[in-house]
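# Structural features, examined
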Amino acid sequence: MSKRECLAMLLAGGQGSRLKALTSEVAKPAVSFGGKFRIIDFALSNCANSGINTVGVLTQYRPYLLHAYLGSGEAWNLDSRTGGVSILPPFATQSGGAWYEGTADAVTQNLGYIRQNDPEYVLILSGDQLYRMDYEEMLQVHKDNDADLTIAVMPVPWEDASRFGIMSVDDDGRITKFTEKPAEPESNLASMGIYIFTADLLVKTLEEDAEDPNSEHDFGMNIIPKLLGDGKRLFSYRFEGFWRDVGTIASFHETNMELLGSDPAFKLYDKRNPIMSNTVTRPPHYVGPDGSVDDCLVDNGCRVLGSAKHSILSGGAYVGKHAIVEDAVLLPGARVEDGAHVVNAILGERAVIEADVDFGSKDSETAVAGNDAVVKKGDE
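Residues numbered from 1 in each chain as written. Predicted model: local features only at pLDDT ≥ 70, side-chain atom pairs only at ≥ 80, totals over all residues. Heavy atoms only, no water.

### Some words on the overall build of the protein chain
The helix and strand tally for the protein chain stands at eight helices and 27 strands. Relative to the globule expectation of 21 Å for 380 residues, the C-alpha radius of gyration of the protein chain, 22 Å, shows essentially globular dimensions. Reported as C-alpha extents along the three principal axes, the dimensions of the protein chain are approximately 65 × 45 × 40 Å. Counting over 380 residues, the protein chain shows a buried share of 54%. In the protein chain, the share of contacts with a sequence separation of at least 24, taken over all contacts with a separation of at least 6, comes to 56%. (Helix = DSSP H or I, 4+ residues; strand = E, 2+ residues; numbered from the N terminus. Rg over C-alpha atoms; globule rule 2.2 N^0.38 Å. Buried < 20%, exposed > 50% of the residue type's maximum accessible area, 1.4 Å probe, protein only. Contact = heavy atoms within 4.5 Å.)

### With respect to helix α8 (residues 249-258)
Burial of α8 is extensive: seven of the 10 residues sit out of reach of the surface. Of all the positions in α8, only Ile-249, Ser-251, Phe-252, His-253, Thr-255, Asn-256 and Met-257 are classed as buried.

### Looking at the sheet that holds strand β22 (residues 335-336)
One open sheet holds the six strands; their spatial order is β14-β17-β20-β22-β24-β27, and the pairing between them is parallel. A single partner strand is all that each edge strand has here, and the edge strands are β14 (286-287) and β27 (374-375). Pairing between strand β24 (residues 352-353) and β27: two bridges, direction parallel. Each bridged residue has a counterpart across the sheet, and for Ile-353 the counterpart in β27 is Val-375. (Pairing = 2+ DSSP bridges.)

### Quick look at unusual backbone geometry
Positive phi outside glycine occurs at Asp-146, with the angle close to 50 degrees. Assignment of secondary structure puts Asp-146 in the loop between α5 (135-144) and β8 (149-155). Positive phi values are uncommon outside glycine, yet Asp-356 reaches one of about 65 degrees. Relative to the helices and strands, Asp-356 is located in the loop between β24 and β25 (358-359). Given the relative accessible area of 46%, Asp-356 is considered partly exposed.

### Describing the pattern of salt bridges
Charged atoms that come close allow side chains of opposite charge to pair. One pass over the structure, following the stated rule, counts 16 salt bridges. In this structure, Lys-362 and Glu-326 form a salt bridge, with 3.0 Å as the shortest nitrogen-oxygen distance. In this pair, Lys-362 is assigned in the loop between β25 and β26 (367-369) and Glu-326 in strand β21 (residues 324-330), connecting sequence segments 36 residues apart. Note on Glu-326: relative accessible area 17%, which makes it buried. Two residues, Glu-349 and Arg-350, come together in a salt bridge whose shortest N-O distance is 3.4 Å. The partly exposed category is assigned to Arg-350, whose relative accessible area is 42%. Via salt bridges that share partners, Arg-38, Glu-349, Arg-350 and Asp-372 belong to a single interconnected network. (Salt bridge = Lys/Arg side-chain N within 4 Å of Asp/Glu carboxyl O.)

Spelled out as structure tokens, the structure:
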């Protein structure tokens, strides 16, 4: 893939309100995941492993941690002089400034970045999904079909289909119908929110959409239906690997738990296509003389003096003496003090469960303590 053949635009400005306390202070793509990663690591690593070295990251909500984490892009080998990571927040112009109004509007406000890099193709990505994909394979399908737009798709359970953009395709994979979040889906073939556009068409379409006062300026609601209605060549790219949207508490907890075991469906450790991270280096983790760890992912800097079972312990997490942590996700710096019992729970960054507190239950929904929260006796 040539250096400017394909440019990636990574949408990372979402508030992620469905993650509740976990995103009260940080954008969803910056939420810690899988012990040592942040959610945005997966899309950035996919870009690096696919030979895409120019990535614009569109930020908006609570961007400070995300900006600091991205840095120069060196952690993902995306810091070359001819490309690299560029942070693209909303900005003021002579006619004023405004927050991004929708996914399409976010890209529209950064058409100058696309023109400056002058790619043949533009890859649109979301920063809040867990998957490993070779975008070069998807681009080849786009070229082979002489497509105007190619959408990554995969079948989803019928009961979930109304949550997605749903499409029908012919025998050649050409999209014949597309409906965003239909009440009564006619298909279960869902858009993954991953698009490859021929650059000239994308620019032209977004400029026209920006002038439409009736548009929500959204790819699923407006751009894709318009192109289909105009008779453009829209094709699907069927993805058959592991993919999860981790945008809810239930899916976030479940997907973390799915990383455990001897043969998880998603392989974090793939030397051919590694997941890269800008996590701060910490001392090795420590398990005390009376501590025990069973079926856990444990990042550097953790101290386990009690018991941790079937859990994710992110960097710097602490489990005190006689404390029990089970089926839980501890984000960086979370503390479970002596004698506390944490089960079926997510603890935000630097959250503290004080001594002898029982937090969470196997018989209820996943319990959540937000970033910097302190749960005391009687607060359970």
